[in-house]
Amino acid sequence: MNKRALYLGLTYSICVIIYKLVIVLTGQQLTTFGFYYSHIISVFAIIPFMIIAIKYVRDVENGGVIGGREALKIGLTIFGVSVVILSCYNAIEFVWKLEDISKEYYNGADYHAFLEKQVQLNPGKVKPEMFQNIIDENIAALSPMKAVTAKLFSFFLICFSSAFIVAVFMKKAKA
């Protein structure tokens, strides 16, 4: 395992944790940005860390040459380190704050407006007297594992494809 990739994976994880703590502690989790865009921004933020690690290993440690397999291994090392750390953080964050925030959301006006819109779109399937039952089912279905899995799915997709793409563009073979 390349130490530079390990350190950059740790650095990325720490930066994402700080970013997510700022969003949660400032009460921005239920805003449009906090709810829809904050996670995907944190996922795409791994790409510069992969580029920096591969470029450093290529230019400094290997004298300007790196194979695609080694570059991919470096990118996946950053991914592997960060997925372990961020999975633990996401589970802790859910138990600590997000479970209560989710309950607040399901019992709030925004979710009721969403349910009322569903009544208009599906008049025979959803009825206003079903709202409390739907809310109770959603609250009962909350779990740290579901929250972690939902966040990690996009993380897996973006990181694997990004590691491959960055490795392909950053590799340099001997001339």
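Note that the structure is predicted; figures quoted are calculated from it, not measured.

Moving on, we come to the confidence of the model for the chain. Per-chain confidence: the chain averages 87 in pLDDT, with 97% of residues scoring 70 or above. Within the chain, helix α5 (residues 109-121) has the poorest average pLDDT of any element, 84, and helix α1 (residues 3-25) the best, 93.

With that out of the way, let us pick up the packing of α1 against helix α4 (residues 68-106). The packing of two helices is summarised by the inter-axis angle and the distance between the axes. As a packed pair, α1 and α4 sit with axes 8 Å apart at the nearest point and diverge in direction by 25 degrees. One finds that α1 runs roughly parallel with respect to α4. For the pair α1 and α4, the crossing hand works out as right-handed. When its residues are assigned to classes, the contact of α1 with α4 shows 18 nonpolar, 5 polar and 3 charged.

Here we take up the environment of L98. Mapped onto the secondary structure, L98 falls in helix α4. Given a relative accessible area of 9%, L98 falls into the buried group. In this structure, the C-alpha to C-alpha distance between L98 and L142, residues 44 residues apart in sequence, is 9.8 Å. Aside from chain neighbours lying at most four places away, what touches L98 is V24, Q29, E93 and K151.

Over its 39 residues, α4 extends only 47 Å from the first C-alpha to the last, a length that falls short of the 57 Å expected when each residue adds 1.5 Å. Most pronounced at F94, the bend in α4 amounts to some 55 degrees.

What follows covers the packing of aromatic side chains. Applying the stated criterion to the full structure yields 11 aromatic pairs. Considering the side-chain rings of Y12 and F49, the 5.5 Å spacing of their centres and the 65 degrees angle between planes classify their relative orientation as edge-to-face. Taken together, the residues span a long stretch of sequence, with Y12 in helix α1 and F49 in helix α3 (residues 46-61) at a distance of 37 residues. Y12 gets classed as buried once you look at its relative accessible area, which sits at 1%. Residue class for F49 comes out buried when judged on its relative accessible area of 16%. With centroids separated by 4.9 Å and ring planes inclined at 50 degrees, the aromatic side chains of F79 and F160 adopt a geometry described as tilted. Of this pair, F79 sits in helix α4 while F160 sits in helix α7 (residues 144-170), placing them 81 residues apart in sequence. Grouped by ring-pair contacts, the aromatic residues Y12, F49, F79, F155, F156 and F160 constitute a single cluster. A cation over an aromatic ring shows up here: R4 above the ring of Y56, its NZ or CZ 3.9 Å from the ring centre. It is K97 that lies over the ring of W96; its NZ or CZ is 5.4 Å from the centre.

Conventions used here
- Residues numbered from 1 in each chain as written.
- Predicted model: local features only at pLDDT ≥ 70, side-chain atom pairs only at ≥ 80, totals over all residues.
- Heavy atoms only, no water.
- pLDDT = per-residue confidence, 0-100.
- Helix = DSSP H or I, 4+ residues; strand = E, 2+ residues; numbered from the N terminus.
- Axes fitted to C-alpha atoms, helices over the stretch in contact; angles between N-to-C directions.
- Parallel < 35°, antiparallel > 145°, perpendicular 65-115°, else oblique.
- Left-handed = near helix turned anticlockwise from the far one by under 90°.
- Nonpolar A, V, L, I, M, F, W, Y, C, P; charged D, E, K, R; others polar.
- Buried < 20%, exposed > 50% of the residue type's maximum accessible area, 1.4 Å probe, protein only.
- Contact = heavy atoms within 4.5 Å.
- Expected span 1.5 Å × (residues − 1).
- Bend = angle between axes of the 7 residues up to and from the residue.
- Phe/Tyr/Trp six-rings, centres within 6.5 Å; stacked < 30°, edge-to-face > 60°.
- Lys NZ or Arg CZ within 6 Å of the ring centre and 35° of its normal.

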